[in-house]
Amino acid sequence: MPATKSNCLLAQGDALGPAIARAAEVIRAGGTVAVPTETVYGLAARADSDDAVAAIYRAKGRPDFNPLIVHVADQWSASGLAFFDRDARKLASEFWPGPLTLVLPRHERAGLSAAVSAGLPTIAVRCPAHPVMRALLAATGLPLAAPSANRSGGVSPTTAGHVFDSLGNRVDLILDGGRCARGIESTIVAVRQNSGCIVGWSLLRPGPISAEAIAAVLGSAPMPTAGSGIEAPGQLASHYAPGKPVRLGAERPAADEFMIGFGPVPGDVTLSADGDLAEAAARLYACLHAGAAAAQPRLAIAPIPDHDIGLAINDRLRRAAA
Ligand code: AMP
Ligand code: MG
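Residues numbered from 1 in each chain as written. Chains lettered and ligands numbered in written order. Predicted model: local features only at pLDDT ≥ 70, side-chain atom pairs only at ≥ 80, totals over all residues. Heavy atoms only, no water.

Novice: Tell me what's going on with the environment of Thr-270, and back it up with residues and numbers.
Specialist: Its place among the elements puts Thr-270 in strand S13 (residues 269-270). Measuring from C-alpha to C-alpha, the distance between Thr-270 and Ala-280 comes to 8.2 Å, with ten residues separating the pair along the chain. In this structure, Thr-270 is in contact with Gly-261, Phe-262, Gly-263, Arg-283 and Cys-287, ignoring residues within four places of it in sequence. Here the side chain of Thr-270 touches Ser-272 through a polar contact of 3.2 Å, landing on its backbone nitrogen. (Helix = DSSP H or I, 4+ residues; strand = E, 2+ residues; numbered from the N terminus. Contact = heavy atoms within 4.5 Å. Polar contact = N/O pair within 3.5 Å; in protein donor to acceptor, adjacent residues only side chain to side chain.)

In structure tokens:
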């Protein structure tokens, strides 16, 4: 039977209240709900239930060694799940609600499904800013595990349409809250401790909040990431894959390439004609989706400057090309 969009609900304006009420019912019953955040659409389920968390892994086809980010309403809720030292508190106060994920030691009695952290002694927590995700957190009163709402390894979704194209009826409900403003996944920072003493911090994934901004708040430079296999298990070399070969740093397309431009380099679509990196981040996944759907068998992408959020864009593009 062809998939119908019967699992999509508008979640804007007057439709927001009823949509959140329905979504909260689905979440409480252990179901999965795709929900917009300021970064990308997430696939949410209650983080305190083994079955609900298993449903996320199943819908995405996600490998079980790749842990999930747990979303919370505020720092107070987060402190019931993870141990916040002075540096973690500083970062949460400065950047929450917002696109920063903190990897912290997990409380033994946090009441979370073990599968959320894929066997690690740490937990990744974030307090999101998007009004639809915040409304869902408030209505359920639960911590919500929510990875990006796409099949594992594919291009992240920044519209409800992207979610439906990737996951269709594999999820119980999709809330349509419009386009995601930031368009690129949260910055992930691990705060390091040894026997309760702070020893520094590491950047596990570049994102909308720069390493410089973190360093300015903590007053120290990042430590190198050690043993990346265990540190950031989801940082796979190949990710965000549009399903065809990708050539980076291209000044012009070959005959069989769909071109994604930036600044002065034109294309079939452009990340930002003005060379604005924030706009490029917001449009990145929509352009990769357009390239995936195009007739050409290959993609070419213009050079993106490697500073500010350009660092996060290039991180995602390298994985898309791997
Ligand atoms: P996503 O699937 O896009 O939400 O990405 C989640 C990211 O968070 C992946 O790169 C995970 O590896 C990372 N992550 C989640 N929990 C942890 C953790 N406890 N330690 C390190 N990285 C984590
Ligand atoms: Mg993802």
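Novice: Report on the sheet that holds strand S11 (residues 246-247), specifying residues and quantitative values.
Specialist: Here we have four strands laid out as an open sheet, ordered S11-S14-S12-S13, and parallel in their pairing. At either margin of the open sheet sits one strand with a lone partner, and together these are S11 and S13. In the sheet, strand S12 (residues 257-261) pairs with strand S14 (residues 298-301) via four bridges, with the strands oriented parallel. Residue pairing in the sheet places Phe-258 in a bridge with Leu-299 of S14. (Pairing = 2+ DSSP bridges.)

Novice: So what about the pairing of strand S6 (residues 122-126)? Which residues, and what values?
Specialist: Regular strands show a simple pattern: their side chains alternate between the two faces of the sheet. With respect to burial, S6 is a largely interior element, four of its five residues being buried. Here three bridges tie strand S4 (residues 69-71) to S6, and the two strands are oriented parallel to one another. Bridge pairing in S6 links Ile-69 to Ala-124. Taken together, the four bridges between strand S5 (residues 100-105) and S6 define a ladder with antiparallel strand orientation. Its bridge partner being in S6, Leu-104 is matched across the sheet by Ile-123. (Buried < 20%, exposed > 50% of the residue type's maximum accessible area, 1.4 Å probe, protein only.)

Novice: Help me get a handle on the packing of aromatic side chains, residues and values and all.
Specialist: Scanning all chains against the criterion turns up two aromatic pairs. For the pair Phe-84 and Trp-96, a centre-to-centre distance of 6.0 Å together with 75° between the ring planes defines the contact as edge-to-face. Taken together, the residues Phe-84 in the loop between helix H3 (75-79) and helix H4 (86-95) and Trp-96 in the loop between H4 and S5 connect sequence positions twelve residues apart. Classification of Phe-84 by relative accessible area gives buried; the value is 8%. Measuring from ring centre to ring centre gives 5.8 Å for Tyr-240 and Tyr-285, while their planes differ by 25°; the resulting arrangement is stacked. With a gap of 45 residues between them, Tyr-240 in the loop between helix H8 (228-231) and S11 and Tyr-285 in helix H9 (residues 277-293) connect regions that are remote in the sequence. With a relative accessible area of 3%, Tyr-240 lands in the buried category. Residue class for Tyr-285 comes out buried when judged on its relative accessible area of 0%. (Phe/Tyr/Trp six-rings, centres within 6.5 Å; stacked < 30°, edge-to-face > 60°.)

Novice: Could you give me a rundown of the nonpolar core, with the residues and numbers involved?
Specialist: Core analysis: the largest hydrophobic core is formed by 46 residues, its most contacted members being Phe-84, Leu-91, Trp-96, Leu-100, Leu-102, Val-125 and Ile-214. Counting residues per element, the ones that place at least two in this core are strand S3 (41-46), helix H2 (50-60), H4, S5, S6, helix H6 (160-167), strand S9 (187-194) and helix H7 (211-218). Per-element accounting of this core gives the leading share, five residues, to H2. (Core = buried A, V, L, I, M, F, W, Y, C linked by side-chain atoms within 4.5 Å.)

Novice: Any chance you could break down the side chain of Lys-60 for me, citing the residues and the numbers?
Specialist: By secondary structure assignment, the location of Lys-60 is in helix H2. The charged side chain of Lys-60 is buried without a salt bridge, its nearest counter-charge being Glu-185 at 8.3 Å. Leaving out residues up to four positions away in the same chain, Lys-60 has contacts with Leu-43, Pro-147, Ser-148, Asn-150, Arg-151, Ser-152 and Leu-167. (Lys, Arg positive; Asp, Glu negative; His and termini not counted. Salt bridge = Lys/Arg side-chain N within 4 Å of Asp/Glu carboxyl O.)

Novice: An account of the side chain of Arg-62 is needed here, citing residue identities and associated values.
Specialist: Within the element layout of this structure, Arg-62 appears in the loop between H2 and S4. For the buried Arg-62, no salt bridge exists, and the shortest N-O distance to an oppositely charged side chain is 9.1 Å, to Glu-185. A distance of 2.8 Å separates the side chain of Arg-62 from the backbone oxygen of Pro-67, its partner in a polar contact.

Novice: I'd like to hear about the sheet that holds S5, residue by residue, with values.
Specialist: Strand order in the open sheet made by the ten strands is S1-S8-S2-S3-S7-S4-S6-S5-S9-S10, with mixed pairing throughout. Among the strands making up the open sheet, the edge pair consists of strand S1 (8-10) and strand S10 (197-205). As judged from the four bridges shared by S5 and S9, these two strands associate in the parallel manner. The partner of Thr-101 across the bridge, within S9, is Ile-188.

Novice: Just give me the short version of the environment of Ala-15, but keep the residues and values in it.
Specialist: Looking at the element boundaries, Ala-15 is found in the loop between S1 and helix H1 (16-28). By relative accessible area, Ala-15 is classed as partly exposed at 24%.

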